[in-house]
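# What the coordinates show
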Amino acid sequence: MVFVNQIGEIVHGCVDDYHGAPNKNIGDCFLLVWRISGVDPERQTKLADMAIMSFVRIVAEINKSRVLAVYRDHPGLLQRIRNYRVQMGFGLHCGWAIEGAIGSEFKIDASYLSPNVNIASSLERAATGIYRVSVLVSDVVVGLCGVDLASQLRLVDRVVLPGSKRPLELFVLDLDTSALEVDEPMRAIPWNTKKRYEARQILEADKRRMWTREQPLFRAFESMPDVRAMRRRFTNEFFQVFIMGYRNYAEGEWLVARALLEKSTRALGLQDGPSTALLCFMEAQGFQAPHDWQGVHELSSDSHH
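First, a word on scope: everything that follows refers to the structure included in this document.

Thresholds applied
- Here the residue numbering is sequential within each chain, running from 1 through the sequence in written order.
- Totals for whole chains, interfaces and linings use every residue, but because this is a predicted model, local features are given only for residues with pLDDT of at least 70 and side-chain atom pairs only at 80 or more, for both listing and counting.
- No hydrogens and no water enter the side-chain calculation; it runs on all heavy atoms of the structure.
- Helix and strand labels come from DSSP, where a helix needs a run of H or I of at least four residues and a strand needs a run of E of at least two; each type is numbered from the N terminus.
- With C-alpha atoms as the basis for the radius of gyration, the globule rule is written as 2.2 Å multiplied by the number of residues raised to the power 0.38.
- Each residue's exposure class comes from its accessible area (1.4 Å probe, protein chains only) as a fraction of the maximum for that residue type: buried when under 20%, exposed when over 50%, partly exposed otherwise.
- Contacts: residue pairs with any heavy atoms within 4.5 Å of one another.
- Using a 1.4 Å probe, the Shrake-Rupley method yields the accessible areas, and only the shown protein chains count as cover for residues.
- Only four residue types enter the charge count, namely Lys and Arg as positive and Asp and Glu as negative; His and the chain termini do not.
- Here the site of a charge means NZ on Lys, CZ on Arg, CG on Asp, or CD on Glu.
- The definition used for a disulfide is geometric: two cysteine sulfur atoms within 2.5 Å.
- Whether two aromatic rings pair depends on their centres lying within 6.5 Å, for rings of Phe, Tyr and Trp, where Trp uses its six-membered ring; planes under 30 degrees apart make the pair stacked, over 60 edge-to-face, and the rest tilted.
- Only when the NZ atom of a Lys or the CZ atom of an Arg is both within 6 Å of the ring centre and within 35 degrees of the ring normal do we say a charge sits over the ring.
- Axis geometry follows a simple rule: fit a line to the C-alpha atoms, using only the stretch in contact for helices, then measure angles between N-to-C directions, giving values from 0 to 180 degrees.
- Should an angle fall under 35 degrees it is called roughly parallel, over 145 degrees roughly antiparallel, and 65 to 115 degrees roughly perpendicular, with every other angle called oblique.
- By the definition used in this description, the sense in which the near helix is turned from the far one sets the handedness, with an anticlockwise turn below a right angle giving left-handed and a clockwise turn giving right-handed.
- Polar here means any residue other than Ala, Val, Leu, Ile, Met, Phe, Trp, Tyr, Cys and Pro, which are nonpolar, and Asp, Glu, Lys and Arg, which are charged; Gly is therefore polar.

Once that is clear, we can look at the overall build of the chain. Along the chain, the regular secondary structure elements total 13 helices and 9 strands. Relative to the 2.2 N^0.38 estimate, which gives 19 Å for 305 residues, the radius of gyration of the chain is 21 Å and therefore close to what a compact globule would have. Overall, the chain is about 65 × 45 × 45 Å in size when its C-alpha atoms are taken along their principal axes. Residues classed as buried in the chain amount to 43% of the 305 residues present. Of the contacts formed within the chain by residues at least 6 apart in sequence, a portion of 67% connects residues at least 24 apart. A total accessible area of about 17,400 Å² is found for the chain, and carbon and sulfur atoms account for 53% of it. If you average the places of the 36 positive and of the 37 negative side-chain charges in the chain, the two averages end up 5 Å apart.

Here it is in structure tokens:
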């Protein structure tokens, strides 16, 4: 519980900074919500951008945290997982949901009921279990994002998910967490009610400025040192090879796609999760596209293994 709460402090803080609302925990999963109903299109775009930006902030803060870095040397964890590091994956989708209180006179929880919640959960599982990425986003969200941020997202697959009436295109925001260093120890600051109040006021002022700042959100985002560090490894050459590989995969030219994706999975100096996922899916079919292949497949936990 202490471990989950330590992560929760980072998650809740970053989401709140970017105008989101942490809803509840389901085991080690967090349900996070950005409400766009009744909001004008310009603000919807800002909220979509901020949702993705908050995930990037969380990924960075978790990998820099001195508190969480202690677990990298935990004997019990290292015995089970070599080179253990705390990692999180995020799935982001947009759609309708019924918001309300669920329970009885003994216990009531605020919750959201919708197949779209299940789709977001499926995306989170796919991010960590299939594509091995930190942030996986549906095309619905990408359509809401600003042009600048949307251009940084990589199309990696087109799938049918349980609960979805149509195929979804899946996009990733590529991040190399190994590029981040753990924060240096900070000088201890006496913490009291006054300082807590002052800190809260500063945070609230920063939140308000996000709506009014003249500089586009994306410009502030790409100028962050953590973002530049995590994106540095991903070169134009890598993206070009992957795009060619993906296009051949979508068109059913799987032998050509195989050669290109095998190249892209080695191009980074570390394994590219989406390239590997597509190769595994094609390998399961003997690298022969089905006769009715339309570039879409059902996504399940064993479809890429």
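Next, the rest of the story.
All right, on to the state of the cysteines then. One pass over the full model with this rule turns up 0 disulfides. No disulfide involves Cys 145; its sulfur sits 9.9 Å from the nearest other cysteine sulfur, which is in Cys 94.

Scanning all chains against the criterion turns up 14 aromatic pairs. Seen in terms of ring centroids, Tyr 249 and Phe 281 are 6.4 Å apart; in terms of plane orientation they differ by 80 degrees. Their pairing is edge-to-face. Of the two residues, Tyr 249 sits in helix 11 (residues 236–251) while Phe 281 sits in helix 13 (residues 273–284), which places them 32 residues apart along the sequence. Each member of the pair, Tyr 249 as well as Phe 281, carries the same accessibility label: buried. Clustering of aromatic rings is evident, with ring pairs tying together Phe 242, Tyr 246, Tyr 249, Trp 254, Phe 281 and Trp 293. Geometry around Phe 242 places Arg 154 over its ring, the cationic atom sitting 4.4 Å from the centre. A cation sits over an aromatic face here: Arg 258 above Phe 287, 4.2 Å from the ring centre.

As a packed pair, helix 11 and helix 12 (residues 254–266) sit with axes 8 Å apart at the nearest point and diverge in direction by 155 degrees. Here helix 12 runs roughly antiparallel to helix 11, going by the angle between their axes. Where helix 11 crosses over helix 12, the handedness of that crossing is left-handed. Where helix 11 abuts helix 12, its residues Phe 238, Val 241, Phe 242, Met 244, Gly 245, Tyr 246, Asn 248 and Tyr 249 lie against Trp 254, Val 256, Ala 257, Leu 260, Leu 261, Lys 263 and Ser 264. Counted by class, the contact of helix 11 with helix 12 contains 11 nonpolar, 3 polar and 1 charged residues.

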